[in-house]
Amino acid sequence: MAYTAAAVKTNNFQLNRNAVRFVRNYLQKNNEGLVKIKQRSRSPFRTMDQVFKKYGLPLQLKYLAVIESELKQTAVSRVGAVGPWQLMPATAKILGLTVTPANDERKQYGKSTKAAALYLRDLYSEFGDWLLVMAAYNCGPGPVYTAIHKSGSRNFWNLQAYLPGESREHVKKFIATHYYFEGNGSVTTLTKAENIKYSKMLMAEANKQKGPVPVRQEAWYKNDLEAFEQSIAFGY
């Protein structure tokens, strides 16, 4: 069942208070369009899931294609970005796609998603924060670094005012779309700090199940936590 603006539930993943109003308004305003996209999403989502799983990336990244192109293979932006992932010609070629009048692989779900996955993976390696990755996917890394420098923060909610307006909205649209399709958030809708806090909470819950922790095992659990923080950031 589609998720609507009637009730924005946070469940296990806390929806940042700065996003609540935007998510509610966006879902209410765009519900009809999102319903139509959902009706034709099964096949492209299946392809995207296979690609993201292969590269060890969160499957929820597929919702970025919803706000990029409404999952349309023939989508073309005013600046020449094409396909479900709205890749520019130069970027697409760097990522290994063929871009010619006779064969534009940006329009193919499988190949374009592979290119997007490689780009998103590189951006995550650069920023270590999925919300900053979403912003950089829209405007490029440069403006994100500028926002980080001007704000003195790497937290999206603190630096968003220094991002281009379209990129700021882009991140929030992703969060809202994610909530529409899943009724909840994920590692991709949290800042790095929120992900670490969430992973520590889960590890604490896991440790409760194990019972009291002997002193000699504290180092083992610390290593477990570090590994868990890394894995949850990628949605494993």
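Residues numbered from 1 in each chain as written. Predicted model: local features only at pLDDT ≥ 70, side-chain atom pairs only at ≥ 80, totals over all residues. Heavy atoms only, no water.

1. Some thoughts on the pattern of salt bridges
Link 1 in the chain: This model, assessed by the stated rule, comprises six salt bridges.
Link 2 in the chain: Its salt-bridge partner being lysine 36, residue glutamate 32 comes within 3.9 Å of it at the nearest N-O pair. Residue glutamate 32 and its partner lysine 36 are located together in helix H1 (residues 17-39), separated by four residues, close to a single helical turn.
Link 3 in the chain: Note on glutamate 32: relative accessible area 58%, which makes it exposed. (Salt bridge = Lys/Arg side-chain N within 4 Å of Asp/Glu carboxyl O. Helix = DSSP H or I, 4+ residues; strand = E, 2+ residues; numbered from the N terminus. Buried < 20%, exposed > 50% of the residue type's maximum accessible area, 1.4 Å probe, protein only.)

2. Regarding the packing of H1 against helix H9 (residues 165-182)
Link 1 in the chain: Packing of H1 against H9 leaves a shortest axis separation of 9 Å and a crossing angle of 65 degrees. Crossing handedness for the pair H1 and H9: right-handed. Facing Phe22, Val23, Tyr26, Leu27, Asn31, Leu34, Val35, Ile37 and Lys38 of H1, the residues of H9 in contact are Glu169, Lys172, Lys173, Ile175, Ala176, Thr177, Tyr180 and Phe181.
Link 2 in the chain: Looking at the contact of H1 with H9 residue by residue, the class counts come to eleven nonpolar, two polar and four charged. (Axes fitted to C-alpha atoms, helices over the stretch in contact; angles between N-to-C directions. Left-handed = near helix turned anticlockwise from the far one by under 90°. Contact = heavy atoms within 4.5 Å. Nonpolar A, V, L, I, M, F, W, Y, C, P; charged D, E, K, R; others polar.)

3. A word on unusual backbone geometry
Link 1 in the chain: Even without being a glycine, glutamate 70 presents a positive backbone phi close to 60 degrees.
Link 2 in the chain: Owing to a relative accessible area of 37%, glutamate 70 belongs among the partly exposed residues under this scheme.
Link 3 in the chain: With a phi close to 50 degrees, glutamine 86 is a non-glycine residue in the positive phi region.
Link 4 in the chain: Tracing the chain through its elements places glutamine 86 in the loop between helix H3 (63-69) and helix H4 (89-94).

4. Side note on the confidence of the model for the chain
Link 1 in the chain: Considering every residue of the chain, the mean pLDDT works out to 86; 82% of them sit at 70 or more.
Link 2 in the chain: Segment residues 1-11 is flagged for pLDDT under 50; beyond a separation of four residues in sequence, or across chains, it makes 27 contacts in the model.
Link 3 in the chain: Between residues 215-225, whose pLDDT stays under 50, and residues either more than four places distant or in other chains, the model counts nine contacts. (pLDDT = per-residue confidence, 0-100.)

5. Some points on helix H6 (residues 130-139)
Link 1 in the chain: With eight of its ten residues buried, H6 lies for the most part within the structure.
Link 2 in the chain: Listed in full, the buried residues belonging to H6 are Trp130, Leu131, Leu132, Val133, Met134, Ala135, Ala136 and Tyr137.
Link 3 in the chain: N-capping of H6 is provided by aspartate 129, with a side-chain oxygen placed 2.9 Å from the backbone N of leucine 131.
Link 4 in the chain: Downstream of H6 by one or two residues, glycine 140 has phi in the positive range, about 95 degrees. (Polar contact = N/O pair within 3.5 Å; in protein donor to acceptor, adjacent residues only side chain to side chain.)

6. Considering the nonpolar core
Link 1 in the chain: Counting 60 residues, the largest nonpolar core has Trp85 and Tyr137 as the members making the most contacts within it.
Link 2 in the chain: Counting only elements with at least two residues in this core, the list comes to H1, helix H2 (42-54), H3, helix H5 (109-127), H6, helix H7 (141-151), helix H8 (156-159) and H9. (Core = buried A, V, L, I, M, F, W, Y, C linked by side-chain atoms within 4.5 Å.)

7. Considering the packing of aromatic side chains
Link 1 in the chain: Applying the stated rule across the entire model yields eleven aromatic pairs.
Link 2 in the chain: For the ring pair phenylalanine 45 and tyrosine 63, a centre distance of 5.6 Å and an interplane angle of 80 degrees mean the geometry is edge-to-face. With phenylalanine 45 in helix H2 and tyrosine 63 in helix H3, the pair connects residues that are 18 residues apart, well separated along the chain.
Link 3 in the chain: On the basis of relative accessible area, tyrosine 63 is assigned to the buried category, the value being 4%. (Phe/Tyr/Trp six-rings, centres within 6.5 Å; stacked < 30°, edge-to-face > 60°.)

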